[in-house]
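If you want the building blocks of each chain, they are given just below.
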Amino acid sequence: MIINKTNFAISTLTLTLLLGSCGDKFTTEEKDGYVRVNNTKGSDLTFHPESGVQLLKVDQYAFKDLNRNGTLDSYEDWRLSDDERAKNLASKLSLEDIAGLMLYSSHQSIPGASQGFGAATYNGEALKESGASSSDLSDQQKKFLEEDHLRHVLITRVETPSVAAQWNNNAQAFVEGIGFGIPINTSSDPRHGSDSYAEYNAGAGGAISMWPGTLGIAASFDPGLMQQFGEIASKEYRALGIATALSPQIDLATEPRWSRFDGTMGEDPDLTTDLARAYVDGFQSSEDGNWGLESVNAMVKHWPGGGPEEGGRDGHFGYGAYAVYPGKNLKDHLQPFTQGAFKLNGPTKMAAAVMPYYTISHGEGEAVGNGFNKYLITEVLRGEYGYDGVVCTDWGITNDVTSVDKFQGKSWGVETKTVAERHYMVIEAGVDQFGGNNDKEPILEAYKMGVAEHGEEYMRQRFEASAVRLLKNMFRVGLFENPYLDVSETEKIVGNPEFMKAGFNAQLRSVVMLKNHNGVLPIKDKKKVYIPKRYIAPSTNWWGIVTPERTESPFNLEVVSKYFEVVNDPKVADFALVGIKSPDGGVGYDKSDVEKGGNGYVPISLQYDSYTANEARETSLAGGSPFEDFKNRSFNGKTVKTRNVTDMTLVNETKSKMGDKPVVVVAHVSKPMVFSEIEKSSSAILIHMGVQDQAIMEIISGAFEPSALLPFQMPSDMATVEKQFEDVPRDMTPYSDADGNTYDFAFGLNWSGPINDERVAKYK
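Since we're looking at a predicted model, the values are computed, not measured.

Q: What should I look at first to understand the overall build of the protein chain in this one?
A: Along the protein chain, the regular secondary structure elements total 22 helices and 31 strands. Relative to its length of 764 residues, the protein chain is compact, with a C-alpha radius of gyration of 27 Å against a globular reference of 27 Å. Dimensions of the protein chain along its principal axes, counting C-alpha atoms only, are 85 × 60 × 55 Å. Taken across its 764 residues, the protein chain has 61% of its residues classed as buried. Taking the intrachain contacts of the protein chain between residues at least 6 apart in sequence as the baseline, contacts between residues at least 24 apart amount to 72%. By element, 48% of the accessible surface of the protein chain is carried by carbon and sulfur atoms, the whole surface being about 27,700 Å². Seen as two clouds, the 74 positive and the 104 negative side-chain charges of the protein chain have centres 2 Å apart.

Q: Honestly, the layout of surface pockets in this entry has me stumped. Any pointers?
A: Remark: the empty space left among the atoms is shown by a probe the size of a water molecule rolled over them. In this structure, the second largest pocket occupies an estimated 620 Å³ of space. Leu-293, Asn-482, Tyr-484, Leu-485 and Asp-486 are the residues nearest the centre of the second largest pocket, which is lined by 27 residues in total. Put simply, the parts of the chain that give the lining of the second largest pocket at least two residues each are β2 (26-31), β3 (34-39), β4 (45-47), α6 (161-176), α8 (223-239) and α15 (487-493). Considering only residue class, the lining of the second largest pocket consists of 10 nonpolar, nine polar and eight charged.

Q: Would you explain the pairing of strand β25 (residues 575-581) in this entry?
A: Residues in a regular strand project their side chains so that they alternate between the two faces of the sheet. Judged by how many residues are buried, β25 sits mostly within the fold: six of seven residues are covered. In terms of strand pairing, strand β19 (residues 528-530) meets β25 through two bridges, oriented parallel. Looking at the pairing, Val-529 lines up with Phe-575 of β25.

Q: Would you explain the environment of Glu-481 in this entry?
A: Its place among the elements puts Glu-481 in the loop between α14 (456-475) and α15. By relative accessible area, Glu-481 is classed as buried at 7%. Linking Glu-481 and Ile-110, residues 371 residues apart in sequence, is a C-alpha distance of 24 Å. Those residues within four positions of Glu-481 in sequence are excluded, and the remaining contacts are Ser-43, Asp-44, Leu-45, Thr-46, Lys-64, Trp-78 and Arg-85.

Q: Would you explain empty space enclosed by the protein in this entry?
A: Taken as a whole and judged by the stated rule, the model has six cavities of 30 Å³ or more. Taken as a whole, the second largest cavity spans an internal volume of roughly 80 Å³. A per-class count over the lining of the second largest cavity returns four nonpolar, three polar and two charged.

Q: For this particular structure, what's the right way to read the sheet that holds β4?
A: Consider a sheet: its strands pair through backbone hydrogen bonds, and that pairing is either parallel or antiparallel. Read across the sheet, three strands follow the order β2-β3-β4 without closing on themselves; strand pairing throughout is antiparallel. Among the strands making up the open sheet, the edge pair consists of β2 and β4. Here the average twist between neighbouring strands, direction ignored, is 15°.

Q: Whenever I open this one, the sheet that holds strand β8 (residues 107-110) confuses me. Can you help?
A: Pairing in this open sheet of seven strands is parallel, and the strands run β8-β9-β10-β11-β12-β14-β16 from one edge to the other. One side of each edge strand has no neighbouring strand; the edge strands of this open sheet are β8 and β16 (390-391). Here three bridges tie β8 to strand β9 (residues 152-158), and the two strands are oriented parallel to one another. Within the sheet, the bridge partner assigned to Gln-108 lies in β9 and is Ile-155.

Q: Sorry if this is basic, but what is going on with helix α20 (residues 693-700) here?
A: Every α-helix carries 3.6 residues per turn, so stepping three or four residues along brings you back to the same face. Taking burial as the measure, the eight residues of α20 include six buried ones, the bulk of the element. Remark: Gly-702 follows α20 within two positions and exhibits a positive phi of approximately 90°.

Q: Please clarify how the packing of α8 against helix α9 (residues 269-284) should be interpreted in this entry.
A: For any two helices packed against each other, the geometry is given by the interaxial angle and the distance between the axes. One way to put it is that α8 packs onto α9 with a least axis distance of 7 Å and a crossing angle of 30°. It follows from the interaxial angle that α8 and α9 lie roughly parallel. For the crossing formed where α8 meets α9, the hand is right-handed. On α9, the residues touching Pro-223, Met-226, Gln-227, Phe-229, Gly-230, Glu-231, Ala-233, Ser-234 and Tyr-237 of α8 are Asp-274, Leu-275, Ala-278, Tyr-279, Asp-281, Gly-282 and Phe-283. Grouping the constituent residues of the contact of α8 with α9 by class yields nine nonpolar, four polar and three charged.

Q: Looking at this structure, how should I read the packing of helix α16 (residues 497-508) against α20?
A: The contact between α16 and α20 brings their axes to 9 Å, and the two run at 55°. When the interaxial angle is binned, α16 and α20 end up oblique. Crossing of α16 against α20: the hand is right-handed. Seen from α16, the contacting residues are Phe-504, Gln-507 and Leu-508; seen from α20, they are Gln-694, Ala-695, Glu-698 and Ile-699. Split into classes, the residues belonging to the contact of α16 with α20 amount to four nonpolar, two polar and one charged.

Q: Would you take a moment to explain the confidence of the model for the protein chain for this structure?
A: When pLDDT is low, close inspection of the predicted coordinates is not appropriate. Per-chain confidence: the protein chain averages 93 in pLDDT, with 95% of residues scoring 70 or above. Low pLDDT, under 50, characterises residues 1-20; the predicted model gives this stretch 37 contacts beyond four residues in sequence or across chains. Across residues 196-205 the pLDDT falls below 50, and counting only partners more than four positions away or on other chains, this stretch makes 27 contacts in the model.

Q: When you look at the packing of aromatic side chains in this model, what are you seeing that I'm missing?
A: For any pair of aromatic rings, geometry is given as the distance between the ring centres together with the angle between the planes. Applying the stated criterion across every chain yields a total of 32 aromatic pairs. Ring centres of Tyr-104 and Trp-395 lie 5.2 Å apart, and the angle between their planes is 50°; on these two criteria the pair is classed as tilted. Here Tyr-104 is found in strand β7 (residues 103-104), whereas its partner Trp-395 is found in the loop between β16 and α12 (419-429), with 291 residues between them in sequence. Each member of the pair, Tyr-104 as well as Trp-395, is classed as buried. Aromatic side chains Phe-221 and Phe-745 sit 5.4 Å apart centroid to centroid with 40° between the ring planes, which places their arrangement in the tilted category. Taken as a pair, Phe-221 in the loop between α7 (214-218) and α8 and Phe-745 in the loop between α21 (718-723) and β30 (749-750) lie far apart in primary sequence, 524 residues in all. Neither residue differs from the other here; Phe-221 and Phe-745 are each classed as buried. Cation over ring: Lys-410 sits above Phe-407, and NZ or CZ is 4.2 Å from the ring centre.

Q: How do you make sense of the side chain of Ser-682 when you look at a structure like this?
A: Among the structural elements, Ser-682 can be located in the loop between β28 (663-668) and β29 (684-688). Within the structure, the side chain of Ser-682 is placed 2.8 Å from the backbone oxygen of Ile-678, a separation counted as a polar contact. Sequence-distant contacts of Ser-682, that is, excluding residues within four places in its chain, are made with Lys-515, Val-651, Val-663 and Val-665.

Q: Help me out: how do you make sense of helix α2 (residues 82-92) in this one?
A: Within the span of α2, buried status applies to Arg-85, Ala-86, Asn-88, Leu-89 and Ala-90. Next to the buried residues of α2 lie α3 (95-101) and α14.

Q: Mind showing me how you'd approach the pairing of strand β5 (residues 54-58) here?
A: Here β5 pairs with strand β6 (residues 61-65) via five bridges, running antiparallel. Paired with Lys-57 across the strands is Ala-62, a residue of β6.

Q: Is there a simple way to explain unusual backbone geometry in this structure?
A: The bulk of non-glycine residues show a negative phi, and the bulk of peptide bonds are trans. For the bond running from Ile-110 to Pro-111, omega is 0°, close enough to zero to count as cis. Assignment of secondary structure puts Pro-111 in the loop between β8 and α4 (127-130). Cis geometry is adopted by the peptide bond preceding Pro-248, which originates at Ser-247 and carries an omega value of 5°. Phi angles above zero are rare outside glycine, and Arg-68 is one such case at about 55°. Note that Arg-68 resides in the loop between β6 and α2. A positive phi angle is found at Lys-328, which is not glycine, with a value near 50°. One can find Lys-328 in the loop between β13 (322-323) and α10 (330-341).

Cut-offs and rules
- Residues numbered from 1 in each chain as written.
- Predicted model: local features only at pLDDT ≥ 70, side-chain atom pairs only at ≥ 80, totals over all residues.
- Heavy atoms only, no water.
- Helix = DSSP H or I, 4+ residues; strand = E, 2+ residues; numbered from the N terminus.
- Rg over C-alpha atoms; globule rule 2.2 N^0.38 Å.
- Buried < 20%, exposed > 50% of the residue type's maximum accessible area, 1.4 Å probe, protein only.
- Contact = heavy atoms within 4.5 Å.
- Areas by Shrake-Rupley, 256 points an atom, 1.4 Å probe, with all protein chains shown as cover.
- Lys, Arg positive; Asp, Glu negative; His and termini not counted.
- Charge placed at Lys NZ, Arg CZ, Asp CG, Glu CD.
- 1 Å grid on protein atoms, 1.4 Å probe; cavity = no way out; pocket = protein on both sides within 12 Å on 5 of 7 lines; lining within 4 Å.
- Points joined across faces, edges and corners; volume = space filled by probe spheres on them.
- Nonpolar A, V, L, I, M, F, W, Y, C, P; charged D, E, K, R; others polar.
- Pairing = 2+ DSSP bridges.
- Axes fitted to C-alpha atoms, helices over the stretch in contact; angles between N-to-C directions.
- Parallel < 35°, antiparallel > 145°, perpendicular 65-115°, else oblique.
- Left-handed = near helix turned anticlockwise from the far one by under 90°.
- pLDDT = per-residue confidence, 0-100.
- Phe/Tyr/Trp six-rings, centres within 6.5 Å; stacked < 30°, edge-to-face > 60°.
- Lys NZ or Arg CZ within 6 Å of the ring centre and 35° of its normal.
- Polar contact = N/O pair within 3.5 Å; in protein donor to acceptor, adjacent residues only side chain to side chain.

In structure tokens form, the structure reads like this:
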């Protein structure tokens, strides 16, 4: 029985009678503008009545005729395995269809901004002038969905959960009537943090449960908490229309100066392995443990581990193009992937996707970025470890670049090749998908190059292999059957009180107490607190967004006043509360150094005061770029100033003002820091990796006892930072404070003193 598009003019009652009689094993209804089909003991279906999709009845069950040919094709048969369906559809797709599947869009804001990062137009105008709704598709989205056959979309900021849900429905309806009816697989960078660190994760925004970042959850040393986060986050993701998470970041943070340190799970391979496994299990498994409508594909990053950047410089820029292994320790960096994300406890078995990093892994195969490296992708990842999931490049690796210090393309090692040649190298390396590319043409050019080298049959098989992997990730999370959302349900699910409570509890469990001299904490009475204002220097982020200088309270005084009496005079205060951030010691490159005749490379400092790198290596382990006429990237003997040196001054001056009265320091840390400059002025020290002020106040007031442990070492000084190996965990001399405590991996205090429980025994 086939119902064509014109049948939908009839009433819901008539439609239900037509489809629900004669022993049929399904019922239908129209709800909120969509047709919903319930198959008894089978997959439920949803589709838009104006998309042209027809219903087929086979063996008394209903199926969607997505390609509208009047026949139940294998890929439309939800009774078959995901593998069977993916292979059937891949065999039918045109070259252009597969090229579109191999695209992963650039960052999409919902709605698009009027200018700058995330900008978009609606009928040729900015959103406000166009009269369009916030949930409408932009001109750019319509183009890449229809003309470039793109089906994988990365979303960043959303106006509200309901806008995100309605945008999903609009987008799915747009593609449902095109070609084979392949749905959109929407993805997101991490978006559950209590604040946004937009350089890497532009997805914060929209009411959603707030958790510490993964480094903060790692401080709990509890894989169960990480799995709970995954289970809750996946429900919220699917309610927003997100079926793929561009996470977790399981790089081993063995280089303490790296700017992406705070996105990791710490520096210990065993802890990171257990947490990585728990995260992926939480995201990918539905309530019955298998793939389902609450599952989210996890794309683990960044293979083979982005942690060991030489000197801490990051691979988003040419000056950070090299990962190095002075300790010959690649194995520890592979472990969270091979023993964690690829060996799950749950039945989904392994992470659905992997993202290589931008860096050139020095000495590991050809001297090209990881996404171009056939040895690391085909021989090691796919060959040695048998990984057959999706491999997707990091964003923009095939784009052109003109300098080592500009935020452009990231085609390290292949800068002189054409865009199409880079695409061909990626495909030859064994990668399936191109992050940040909306244009199918370079992929089609790469196909022609492959035909010239290998022949048509080889290249068709190679493209179909990638198509199968990509389609399987869409079939197993139910996108072909159920791509649409109930907007009212989205509003109930995302950021609901139960999820918010769980996230807040995780925040409490992520705060590490490093110092508590003479048991100054907790402060249970509503005492008078002096909170000095913090100076924030002007800055410009990667996207060109300028933050002007300002002076402000580091805490929400309305929140603090619920626990303590806030006063402006330190003389009448019972204690001081000082909020700071870990030292911002730069990125490791300074163009002014080039102008002075230097090579541009400078230290990255983990201390507040000016730092001169007299103990840095005199010859870099790696180097070389078409934009440089040298290979030695050493910064030995150079000096760098920290942007927030005023944080050090703030702590020490507050101590002078308070005299013998307690000074409680709360440091928001994004990487390890040298505490010698402020520790002696601090009566108590709490550190966190991104929490709400209320969580801090709950601990200071004694409502919650601190329980977290350091998932990394705090260095004694910069000399030990220079002497440590970028690829080796826990190889620094940790800082020892005035109370005799050492800020080593797995150290933390509770009210009784140093914590020494089963977590410490297991991981330290």
